[in-house]
Amino acid sequence: METEIVRIDPGRAREPESREILRRAGEIIKSGGLVAFPTETVYGLGGNALDATASRRIYAAKGRPSDNPLIVHIAETADLERTAVEIPESAYALAARFWPGPLTMILKKHPDIPTETTGGLDTVAVRFPSHPVAQELIAAGGGFIAAPSANRSGRPSPTTAAHCIEDLTGQVNMIIDGGEVGIGVESSIVDLTEEKPVILRPGYITPSMLREVLGEVETDPGLDAAADLPPEAGSGNVPAGPGPKAPGMRYRHYAPQGSMLLVTGDEAAMVERIRQETAQALAQGKRTAVIASRETADAYPGGVRVFVAGSRHDPAEVAHHLFGILRACDEEGMEMICAEGFEEGELSRAVMNRLEKACGHNIVRV
Ligand code: AMP
Ligand code: MG
């Protein structure tokens, strides 16, 4: 398949020139094709959510296990009612506060959404993104776009069009380059189908933000599971049991090709441990990297490739850079990667969740 790459300036998404491109992109979606596009969180790999065949194509293009459901993207809150049934008041309250924005809700599935889109589940994940290109594409594509992150399964989520081009050239009909995304980690997912709301994936919308609207909210204890399944395990029957509740959170994700260690705890002890680990790796002749904070970046020995993810006090900055750095580790052939833990502030939970998965739960607490 030939992949057309087009460029849209997000600030001009509603101007005639952009609309013409988006109209063509919408036609691709309506006729069952696939378009990668920017959202405020990460790039999405979009197909018509109402079309079972389009959803199957998404799984194939990503190499994603077909029991890992897709998020349905809508461009107006009213379309929630064409996506889900038995919608609780809490969903409308969350929509009023956080939509459009980086929050995904799990609700009972509407019969019009094929089970191919929901990975066989009778629930559906729904989000109304705030990115203007995403909104215009959804509208042009018929209103319902199923879109997982636009990476090959297992790889870090894409935060630039270059990442999508790397992973999906030949697999999708079009890639819309809208520049670098703003947030850099995927949406928060909250399950509203149980008695109490549960966070299935931590993201930019933090537990305390959700609590302001919902009162009580829990975080899925399964997120602390100590191991992830390889994507190849997804044969349509993920073993039930103690793992995370969101099927996608059970799989290995984001892992760079080199081996990776996450070190958390007291700052001085953490730096000291990483100095030891990296010195040892260098002595073995390994290409060695550290994912560091700005505050501690100078502490590592010469010869180590230091990636500065952001300030220790600003997890949003770290979130913004993280996936790009994980990809750069591969591009630069890093064989051993040590990451500092980032544990300051509520948003750090989202960052740490991605790091824990990236290192395959190879974590040292000092
Ligand atoms: P991605 O689109 O790559 O950000 O992945 C979507 C995430 O949403 C995966 O972790 C899915 O398992 C999760 N998800 C989608 N639909 C549901 C659902 N109905 N119930 C629970 N998790 C879901
Ligand atoms: Mg993903």
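Above: the structure in question.
What this report covers is the structure whose coordinates are included nearby.

About the cut-offs
- Residues numbered from 1 in each chain as written.
- Chains lettered and ligands numbered in written order.
- Predicted model: local features only at pLDDT ≥ 70, side-chain atom pairs only at ≥ 80, totals over all residues.
- Heavy atoms only, no water.
- Near = heavy atom within 4 Å.
- Polar contact = N/O pair within 3.5 Å; in protein donor to acceptor, adjacent residues only side chain to side chain.
- Areas by Shrake-Rupley, 256 points an atom, 1.4 Å probe, with all protein chains shown as cover.
- 1 Å grid on protein atoms, 1.4 Å probe; cavity = no way out; pocket = protein on both sides within 12 Å on 5 of 7 lines; lining within 4 Å.
- Sits in = over half its atoms within 2 Å of the grid points.
- Helix = DSSP H or I, 4+ residues; strand = E, 2+ residues; numbered from the N terminus.
- Nonpolar A, V, L, I, M, F, W, Y, C, P; charged D, E, K, R; others polar.
- Buried < 20%, exposed > 50% of the residue type's maximum accessible area, 1.4 Å probe, protein only.
- Lys, Arg positive; Asp, Glu negative; His and termini not counted.
- Salt bridge = Lys/Arg side-chain N within 4 Å of Asp/Glu carboxyl O.
- Contact = heavy atoms within 4.5 Å.
- Points joined across faces, edges and corners; volume = space filled by probe spheres on them.
- Axes fitted to C-alpha atoms, helices over the stretch in contact; angles between N-to-C directions.
- Parallel < 35°, antiparallel > 145°, perpendicular 65-115°, else oblique.
- Left-handed = near helix turned anticlockwise from the far one by under 90°.
- Pairing = 2+ DSSP bridges.
- Arc of directions from axis to C-beta.

### Considering the site of ligand 1
Taken together, 19 residues form the shell around ligand 1, and within it Asn68, Thr123, Pro148, Arg201 and Gly248 come nearest. Contact between ligand 1 and Arg64: an oxygen atom at 3.1 Å from a side-chain N or O atom of the residue. Asn68 is positioned such that a nitrogen or oxygen atom in its side chain is 3.0 Å from an oxygen atom of ligand 1. Alone, ligand 1 offers 500 Å² of accessible surface; in the complex the protein occludes 94% of this. Counting atoms within 2 Å of the grid points, the majority share of ligand 1 lands in the largest pocket. The set of elements that each furnish at least two residues to the shell around ligand 1 consists of β7 (123–127) and β11 (198–201). Broken down by element, the residue count for the shell around ligand 1 peaks at three residues, all from β7. Residue composition of the shell around ligand 1, by class: 13 nonpolar, four polar and two charged.

### Describing the side chain of Asp220
As for its position among the elements, Asp220 is in the loop between β12 (218–219) and β13 (259–264). No salt bridge is formed by the buried Asp220; its nearest oppositely charged neighbour, Arg250, is found at 7.3 Å. A polar contact is formed between the side chain of Asp220 and the backbone nitrogen of Gly222, at a distance of 2.9 Å. Of note is the side chain of Asp220, whose polar atom sits 2.6 Å from the backbone nitrogen of Lys245. Sequence-distant contacts of Asp220, defined by excluding residues within four places in its chain, comprise Val198, Ile199, Leu200, Pro244, Lys245 and Ala246.

### Details of the layout of surface pockets
Picture a little ball the size of a water molecule; that probe, rolled over the atoms, points out where space is still empty. Space inside the largest pocket adds up to approximately 710 Å³. For the largest pocket, the lining is made up of 46 residues, of which Arg64, Asn68, Pro69, Ile189 and Gly248 are closest to its centre. Those elements that provide at least two residues to the lining of the largest pocket are β4 (71–73), β7, β10 (188–191) and β11. Considering each element in turn, the lining of the largest pocket owes the most residues, four residues, to β7.

### Description of the packing of helix α3 (residues 89–98) against helix α6 (residues 207–214)
Two elements in contact, α3 and α6, have axes separated by 9 Å at closest approach and are oriented at 125 degrees. By the angle between their axes, α3 is oblique relative to α6. Where α3 crosses over α6, the handedness of that crossing is right-handed. On α6, the residues that touch Ser90, Ala93, Leu94, Arg97 and Phe98 of α3 are Met209, Leu210, Glu212, Val213 and Leu214. The residue inventory of the contact of α3 with α6, partitioned by class, reads seven nonpolar, one polar and two charged.

### A closer look at the sheet that holds strand β15 (residues 305–310)
One open sheet holds the five strands; their spatial order is β15-β14-β16-β13-β17, and the pairing between them is parallel. Only two strands of the sheet have a single partner each, and these edge strands are β15 and β17 (363–365). Averaged over all pairs of adjacent strands, the angle between their axes in this sheet comes to 20 degrees, without regard to strand direction. Bridge count between strand β14 (residues 288–293) and β15: five bridges; the pairing is parallel. Bridging across to β15, Ala292 finds its partner in Val308.

### Concerning the pattern of salt bridges
Summed over all chains, the structure comprises 30 salt bridges. The shortest N-O distance in the salt bridge between Arg327 and Glu166 comes to 3.0 Å. Taken together, the residues span a long stretch of sequence, with Arg327 in helix α8 (residues 315–331) and Glu166 in helix α5 (residues 161–168) at a distance of 161 residues. Taking the shortest distance from any N to any O, the salt bridge between Glu186 and Arg354 comes out at 2.8 Å. Within this pair, whereas Glu186 is found in the loop between β9 (174–177) and β10, its partner Arg354 is found in helix α9 (residues 348–358), the two being separated by 168 residues in sequence. Classification of Glu186 as buried rests on a relative accessible area of 4%.

### A look at α6
Within the sequence span of α6, burial applies to Pro207, Leu210 and Leu214. Buried residues of α6, seen end-on, are gathered within an arc of 65 degrees and therefore sit on one face of the element. For α6, the secondary structure elements touched by its buried residues are α3, β6 (103–109), β10 and β11. The positive-phi residue at the C-terminal boundary of α6 is Gly215, with phi of around 80 degrees.

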